[in-house]
Structures are given as C-alpha cells and as structure tokens.
Amino acid sequence: MSDKIWIFDTTLRDGEQALKASLTEDDKIQLAHAISRLNVDVMEVGFPVSSPADFRAVERIAREVKGPAICGLARAVEKDIEACGLALRPAEKSRIHTFIATSPLHLEHKLRMSLDDATAMAVRSIKQARHYTDDVEFSCEDAGRTPHADLCRIVEAAINAGASTINLPDTVGYVTPDEYAAMITHLMNNVPNIDKARLSVHCHNDLGLAVANSIAAVQAGARQIECTVNGIGERAGNCSLEEVSMILKMREDHLKLHTDIVSEEIYRASRQISQICNMPVQPNKAIVGENAFAHSSGIHQDGVLKAQNTYEIMSPETVGVPNNQLNMTSRSGRHVIQHRLSELGYQPEDYDMDSLYESFLALADQKGTVYDYDLEAMIYFNNQSNES
Ligand code: KIV
Ligand code: ZN
C-alpha cells in the first residue's frame, strides 16, 4: 500500500516572482497547459490582488485550463480574498490560498502584531474565502522559525474556521530535514482537529535542502508538497517538482508514497519553462539537466552499453528525455566508438580501429569532446592515407 502525495505546483506564482521580466498572459497560458499536462493536483497561478495583469492572467487560466484545481494567493486581508475569489470564479475547481506570518521575527518586525492578532486575521480570511470555495488553504509564513506551540494554536483555529489544507512553509530555507519532520510530528500529535486537514510543505532552497526537507516532511505525515518546475523561485528557489516527484516514483517501494505526476511530461515542461522564463537549467541538474543522462567515463559507457541500469537508475524515457548520451572524450574506449559508428551506419570493415583510436585520442586530448563529424572525417583521412 502506498499513500498519495498531492503535488501543488507554484511555478506561476512563487516561481514567477523570481523572474527578472514578468511573463505575458499568453506565456502564462502556455505554461499553465504544460503544468496541467504533468497532472499536478493543484496549480497556484498568481496573486490576483497584486496587479490588474495578474488578476486577468489568473482569471484566464481559471477559464481555459482544465484538470488541476486552480489556486490564487491572498494575504489574510479582505481585499486580497475578494480579488482571489473573483479571479477564480470561472474555474471548475478552485482553491484560495491565504497566509499570514507566524514567526516571532515576522510578527514583531514586519507585521507589528501579536500571534493572537494574526490568528484573528487568519480566521476572518478563511471564513471569507469559504464564501467563494470550500477548498481553502492556510499557510503559516515562516513556520520553520515559529515555536511549535504557536503553530499548534493558529493551526487549530484555522482548521476550525474552515481551512482544509494547512501549509507549513520554510520560507527562508533554514530548517534541516530532522527539524522539519519533528515540526510535522508535533502538529500531528498536538492539534486536536488535525485529521480534518491535509498537511502541506513548502520549502525554499537557501541551504540546498528544499527537496530533502519535503521528503522528510512527507515521511513524517505531510500529504502535499508545494514545488516548482526546475525549482525556480525566490532567491535560491523552491523545492523542484521533477526531483521530488521522481524520488517518490523511483523509491515508492521504500517510501510507500506516490504522486499522480505523468513523469514522461517532465522534460518537455522543464524546457518550456526554461525557455519562456529565460532561466537556463544548470547542466548537472538532477533529472532535467543536459548531463543528467550523459556518460563520459569509458568504464561507465562500457557498462551502460552492456546493461543500461549499471549506471542509470531510471531510463531517460521515463522523464521524457529521448535518449541517453555517450560523450566521446579521451576517457572513452573503443567500445563506445564502435557503437557510435554503427549507429551512424559504419561497419567494422569500413575503418581500421587501431589507427582511428590513435587519432581519436589525439584529437580528444586537444579539444575535449569529439563529435560525429570529427569521427567521420578521421575515418576519411585515415583511409586515404592507408590507400596512398
Ligand atoms: O515561502 C512562503 O512562505 C510562501 C507563502 C506565501 C506560502 O511562498
Ligand atoms: Zn514560498
């Protein structure tokens, strides 16, 4: 038996916040379709009160994109909830996501209010949001730096007010996996009405722990992960959708958890988001980076040619990458050269491997990667000099 983990994609809200140039409405529609093809459960697509353009984009996505619940963000204030409720009206399934900060640092310096005041605002906003939809999510901003007892108080009140998802963001990417798990466990054991809501995690990547923290949280009992494609988001970004969903897919037997993500759509969505958002993906990025399925060492290449799973824990096709790549470098052996040449249509009798390999190593030492056209040129020139 494996439990389902809900995937809440926030590429078009938290992810979009981090872009240097804002996306056009058409860009957002195109990306919203790509994200919906991934079969996420919820997609957060904007912050309707923030600008008329954001309102229009959320409204249009709500009208045109089917499948996932469409979600908008709102601070715990009346005008935000109203804008969100109105923008989401055309959606078949809508969610209002309202939040307020709960950490002593944010309460004292940013909001200048007490936890009781913040709780009262949260309760009022959740009740208001319930007039628009019965799917209301409440987030304790900076939960990672909020005392557990304070979280328990505000979460209990939020659930009583009608929130069906409770999100505990590590807004500044500060906590470690064991601390995140302990926070979830504490809430599950100390909030009397906790079984009336789904617990959610929202991790930022300031210390590179967003994915590890999300996995620790679901192992402890959270059932929704908030994430973005390519991990784009504020500062060092958010938990990456492709990484968490592939961890849950590849290690389902161990974790006893799964998502409904259509993994074969991952690479296409990643490329579209990278191109439209003008955010290149680092070559060694897990799952979607250019090198994620590329092998350079001769020992690895030989292993992969004999049995793919010697050096690949998942096949590239699982995530929509058309094929793996065997880079031809000075570490490559004869096996991979022969393999590549047979893919290019050459028979072993078409070239002399000893002289070809000698020229190959000389060139690879000079220029790093040897390409198909280099190989073909070497065969041509070696054959010519053998003939003369
Ligand atoms: O990081 C954060 O705390 C957020 C909230 C608005 C959920 O993005
Ligand atoms: Zn965030």
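Not measured: the values here are computed from a predicted model.

Caption draft 1: Local environment of the coordination of the zinc ion (ligand 2). Protein coordination at the zinc ion (ligand 2): the donors are Asp14 (OD), His202 (NE2) and His204 (NE2), at 2.0 to 2.1 Å from the metal. Counting residues between consecutive donors of the zinc ion (ligand 2) along the chain gives the motif D-x187-H-x1-H. Of this pair, Asp14 sits in helix H1 (residues 11-17) while His202 is found in strand S8 (residues 198-203), placing the two residues 188 residues apart along the sequence. Under the relative-accessibility criterion, Asp14 is labelled buried at 3%.

Caption draft 2: Examining the pairing of strand S4 (residues 69-75) more closely. The buried count for S4 comes to 6 of 7 residues, which makes it a mostly enclosed element. In this sheet, S4 lies alongside strand S3 (residues 42-44) in parallel orientation, the contact comprising 3 bridges. In the strand pairing of S4, Met43 is matched with Ile70. Read from S3 through helix H3 (residues 52-64) to S4, the crossover connection turns out right-handed. Here S4 runs beside strand S5 (residues 94-101); their pairing, made up of 6 bridges, is parallel. What sits directly across from Ala74, in S5, is Thr98. For the crossover that starts at S4, traverses helix H4 (residues 78-87) and ends in the parallel S5, the hand is right-handed.

Caption draft 3: Broad picture of the sheet that holds S4. Read around the closed barrel, the 8 strands follow the order S2-S3-S4-S5-S6-S7-S8-S9; overall the barrel is parallel. Adjacent strand axes in the sheet meet at a mean angle of 25 degrees, parallel and antiparallel pairs treated alike. Lying on the sheet, H4 is in contact with S4 and S5; it crosses S4 at an angle near 165 degrees.

Caption draft 4: Spatial organisation of the confidence of the model for the protein. Looking at the protein as a whole, the pLDDT averages 97, with 100% of positions reaching at least 70. Model confidence for the complex: the whole-complex pTM is 0.96, and ipTM, which rates the interface, is 0.99.

Caption draft 5: Summary view of the site of ligand 1. Neighbouring ligand 1 are Arg13, Asp14, His97, Phe99, Ser139, Glu141, Pro169, Thr171, His202 and His204. Contact between ligand 1 and Thr171: an oxygen atom at 2.7 Å from a side-chain N or O atom of the residue. Contacts to ligand 1 include His204, whose side-chain N or O atom sits 3.0 Å from an oxygen atom. Taken by itself ligand 1 offers 260 Å² of open surface, and the protein chains cover 94% of this. Elements with a minimum of two residues in the shell around ligand 1: H1, S5 and strand S6 (136-141). Residue composition of the shell around ligand 1, by class: 2 nonpolar, 5 polar and 3 charged.

Caption draft 6: Seen up close, the pattern of salt bridges. Within the structure shown, the criterion is met by 27 salt bridges. Glu242 is the salt-bridge partner of Lys285, the closest N and O atoms lying 2.8 Å from each other. Of this pair, Lys285 sits in the loop between helix H12 (266-277) and strand S11 (294-295) while Glu242 sits in helix H10 (residues 241-250); the two residues are 43 residues apart in sequence, bridging distant segments of the chain. Accessibility expressed as a relative area gives 1% for Glu242, which makes it buried. Glu265 is the partner of Arg268 in a salt bridge, and the nearest nitrogen-oxygen pair spans 3.4 Å. The partly exposed category is assigned to Arg268, whose relative accessible area is 46%. Each member of the salt-bridge network shares a partner with another, and the members are Glu25, Asp26, Arg56, Arg60 and Glu64.

Caption draft 7: Expanded view of unusual backbone geometry. In this structure, Asp142 is a non-glycine residue whose phi angle is positive, near 65 degrees. One can find Asp142 in the loop between S6 and helix H7 (148-161). The phi angle at Asn230 is positive, at roughly 65 degrees, despite the residue not being glycine. Here Asn230 is to be found in the loop between strand S9 (224-227) and H10.

Caption draft 8: Main features of H10. Among all positions of H10, only Leu241, Glu242, Val244, Ser245, Met246 and Leu248 are buried. Looking at the packing, one finds that the buried side of H10 touches strand S2 (6-9), helix H9 (210-220), S9, helix H11 (252-255), strand S10 (257-258) and H12.

Caption draft 9: Expanded view of the packing of helix H2 (residues 25-37) against H12. H12 packs onto H2 with a crossing angle of 160 degrees between their chain directions and a minimal axis gap of 9 Å. Relative to H12, the element H2 lies roughly antiparallel. As for the relative orientation of H2 and H12, their crossing is left-handed in sense. Side by side, H2 and H12 meet where Asp27, Gln30, Leu31, Ala34, Ile35 and Arg37 of the first sit next to Arg268, Ala269, Gln272, Ile273, Ile276 and Cys277 of the second. Grouping the amino acids of the contact of H2 with H12 by side-chain chemistry returns 7 nonpolar, 2 polar and 3 charged.

Basis of the calculations
Residues numbered from 1 in each chain as written. Chains lettered and ligands numbered in written order. Predicted model: local features only at pLDDT ≥ 70, side-chain atom pairs only at ≥ 80, totals over all residues. Heavy atoms only, no water. Donors = N, O, S within 2.8 Å, 3.2 Å for Na, K, Ca; no water. Helix = DSSP H or I, 4+ residues; strand = E, 2+ residues; numbered from the N terminus. Buried < 20%, exposed > 50% of the residue type's maximum accessible area, 1.4 Å probe, protein only. Pairing = 2+ DSSP bridges. Right-handed = clockwise from strand over helix to strand, strands pointing away. Axes fitted to C-alpha atoms, helices over the stretch in contact; angles between N-to-C directions. Contact = heavy atoms within 4.5 Å. pLDDT = per-residue confidence, 0-100. Near = heavy atom within 4 Å. Polar contact = N/O pair within 3.5 Å; in protein donor to acceptor, adjacent residues only side chain to side chain. Areas by Shrake-Rupley, 256 points an atom, 1.4 Å probe, with all protein chains shown as cover. Nonpolar A, V, L, I, M, F, W, Y, C, P; charged D, E, K, R; others polar. Salt bridge = Lys/Arg side-chain N within 4 Å of Asp/Glu carboxyl O. Parallel < 35°, antiparallel > 145°, perpendicular 65-115°, else oblique. Left-handed = near helix turned anticlockwise from the far one by under 90°.

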